[in-house]
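Spelled out, the chains give:
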Amino acid sequence: AAKGRGRARLEQFNDELHARAQKRVQIESDLRAALRASQLFVEYQPQVRLKDGRVVGVEALVRWRHPRHGIIPPGDFISVAEDCGLIIKVGRQVLQESCRQLAEWTKLMPGRTLAMTVNVSPRQIMEPAFVGELRQILADANIDPATLCLELTENVMMSATEEVARLLNEIRQLGVFIAIDDFGTEHSSLSRLRDMPAEVLKIDRSFIDGLSSEPGDTAIVSSILSLAYAMGKHTIAEGVEKREQAAMLLRMGCEVAQGYFFSRPVAAEQIVPMLSKALWQPDTGRALHAAHF
Ligand code: C2E
Ligand code: MG
Ligand code: MG
Ligand code: MG
C-alpha cells in the first residue's frame, strides 16, 4: 500500500511538473504575440529624496496587458522570457519606451534632472549587441546618459567573469549609471563590490519591512548605509510602506526611497503632477499620496 501511495504521489508530482511546463510554453507563445501587438507597457514608481520629499527619479516596471488574463505582473513572465530568450526583445522595448518617456518629462521641467532606472536581465545585457543598442536608444531619445541607471541584481554583479566586468565598464563609459538591485539578498563579496562600477545600492524590501521592529533588520540596513557611504555609493531603499520607515531611513542617512508609502507604480500620466510637488514632508511626516493631487 505504501508503495502504491508513493507511486500515486510521484504521478501527481509528474502531473504538476507537466502542467507547469505547459503553462510556461503557453506564456512563451502568448508573449511572442504580445511583443508584436504592443501588449507590454511600463509603469513608473517615484523615487523620493528623503530630506525634502521631492521626486528625483522613477523606476520603470514592465506589465503585460493580456487579452484574456488581464494585467500580468513581471514576476509571472520575466523568468519565462529569460529562459526562452524573449527577454532580449522585452528588455529592448522597456528601455526604448522608458527613455522616450524620460525625454518627454525632462522637457517639462527645464533646469531639473530626473533619473530613470530600468531593470535589466543578465541575458539581455550579455547579448553582444546590447551596448550598441543602448547607445542608439540614448541617441534616439536624446537624453543625457547620466540620467539613466540600469538595475542589475547582485548575482550578475558578483559573478566573477571578466566578461561581466568589461561589459559594465563599457556601460559606465557611455555615462549610464549602474545600480545593484535587491542588495543584501544574494551573495556579495566586498572586494568585488569595491571593484564594480556600480554607484547605487538598492536596499532590498525584506530589510525595510522589519526596520524599527526587528533589531536585526535595523542593523543590516545601518551597515549597508555605512558601507555605501564609506565606498562613496548612493543608496535607494525599496519597499517603504510606513511613515516610521521613511523617518528612520532619513535619520540613518539614506538619501532616496521608494515604496507604497509614497506611491505605487503608476501610469506615466500620473507621474507628471508628482514632479512639481513634495511626496512627503519629513518634519511633519505627512505623506501626500498621489490621490491628494
Ligand atoms: P524590483 O526591481 O526589485 O522591483 C520592485 C518591486 O517591488 C516591484 O514589483 C514593485 O511594484 C514592488 N514594490 C514597490 N514598492 C513596494 C512596497 O512598498 N511594497 C511592496 N510589497 N512591493 C513594492 P513588480 O513591478 O511586480 O516587479 C517585480 C520584479 O520584476 C522587479 O523587482 C524586477 O526584478 C522585475 N522586473 C520588473 N520590470 C522589469 C523589466 O522591465 N525587466 C526585467 N528584466 N525585470 C523587470
Ligand atoms: Mg528594480
Ligand atoms: Mg528590488
Ligand atoms: Mg527584485
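Residues numbered from 1 in each chain as written. Chains lettered and ligands numbered in written order. Predicted model: local features only at pLDDT ≥ 70, side-chain atom pairs only at ≥ 80, totals over all residues. Heavy atoms only, no water.

Identification of the protein chain as Bifunctional diguanylate cyclase/phosphodiesterase from Bradyrhizobium jicamae is taken from an unreviewed UniProt entry.

Colleague: Describe the coordination of the magnesium ion (ligand 2), with residues and values.
Modeller: The coordination sphere of the magnesium ion (ligand 2) contains the protein donors Glu59 (OE), Asn119 (OD1), Glu151 (OE) and Asp181 (OD), at a distance range of 2.0 to 2.3 Å. Along the chain, the residues donating to the magnesium ion (ligand 2) fall in the pattern E-x59-N-x31-E-x29-D. A separation of 4.0 Å is found between the magnesium ion (ligand 2) and the magnesium ion (ligand 3), which are bridged by aspartate 181. With glutamate 59 in strand 2 (residues 55-66) and aspartate 181 in strand 6 (residues 177-183), this residue pair connects regions lying 122 residues apart in the sequence. For the pair glutamate 59 and aspartate 181, one class covers both residues: buried. (Donors = N, O, S within 2.8 Å, 3.2 Å for Na, K, Ca; no water. Helix = DSSP H or I, 4+ residues; strand = E, 2+ residues; numbered from the N terminus. Buried < 20%, exposed > 50% of the residue type's maximum accessible area, 1.4 Å probe, protein only.)

Colleague: I'd like a rundown of the site of ligand 1, residues and numbers included.
Modeller: Taken together, 22 residues are adjacent to ligand 1, and Asn119, Ser121, Asp181, Glu241 and Tyr260 come closest. Between aspartate 181 and ligand 1, the recorded distance is 2.8 Å, taken from a side-chain N or O atom to an oxygen atom. Protein contacts shield 82% of the accessible area of ligand 1, which totals 800 Å² for the unbound molecule. Cavity membership is defined here by more than half of the atoms lying within 2 Å of grid points; on that basis ligand 1 lies in the largest pocket. Of all elements in the fold, only strand 2 and strand 6 reach the threshold of two or more residues within the shell around ligand 1. Tallying contributions element by element places strand 2 first for the shell around ligand 1, with four residues. When the residues that make up the shell around ligand 1 are grouped by side-chain class, the tally is nine nonpolar, five polar and eight charged. (Near = heavy atom within 4 Å. Polar contact = N/O pair within 3.5 Å; in protein donor to acceptor, adjacent residues only side chain to side chain. Areas by Shrake-Rupley, 256 points an atom, 1.4 Å probe, with all protein chains shown as cover. 1 Å grid on protein atoms, 1.4 Å probe; cavity = no way out; pocket = protein on both sides within 12 Å on 5 of 7 lines; lining within 4 Å. Sits in = over half its atoms within 2 Å of the grid points. Nonpolar A, V, L, I, M, F, W, Y, C, P; charged D, E, K, R; others polar.)

Colleague: An account of the packing of helix 3 (residues 87-108) against helix 5 (residues 130-141) is requested, with residue identities and associated values reported.
Modeller: For the pair helix 3 and helix 5, interaxial distance at closest approach is 9 Å and the crossing angle is 25 degrees. Comparing the axis directions of helix 3 and helix 5 gives the class roughly parallel. Regarding helix 3 and helix 5, the two cross each other, and that crossing is right-handed. Side by side, helix 3 and helix 5 meet where Arg92, Leu95, Gln96, Cys99, Arg100 and Ala103 of the first sit next to Phe130, Glu133, Leu134, Ile137 and Ala141 of the second. Its residues assigned to classes, the contact of helix 3 with helix 5 shows seven nonpolar, one polar and three charged. (Axes fitted to C-alpha atoms, helices over the stretch in contact; angles between N-to-C directions. Parallel < 35°, antiparallel > 145°, perpendicular 65-115°, else oblique. Left-handed = near helix turned anticlockwise from the far one by under 90°. Contact = heavy atoms within 4.5 Å.)

Colleague: Please give an account of the nonpolar core that cites residues and values.
Modeller: Of all hydrophobic cores here, the largest spans 84 residues; its most connected members are Leu134, Leu150, Ile171 and Phe262. The biggest single contributor to this core is helix 3, with nine residues. Those residues in contact with leucine 134, other than ones at most four positions away along the chain, are Leu95, Leu148, Leu150, Ile171, Leu174 and Val176. Membership of the second largest hydrophobic core comes to five residues, among which are Cys149, Ala179, Ile236 and Val256. (Core = buried A, V, L, I, M, F, W, Y, C linked by side-chain atoms within 4.5 Å.)

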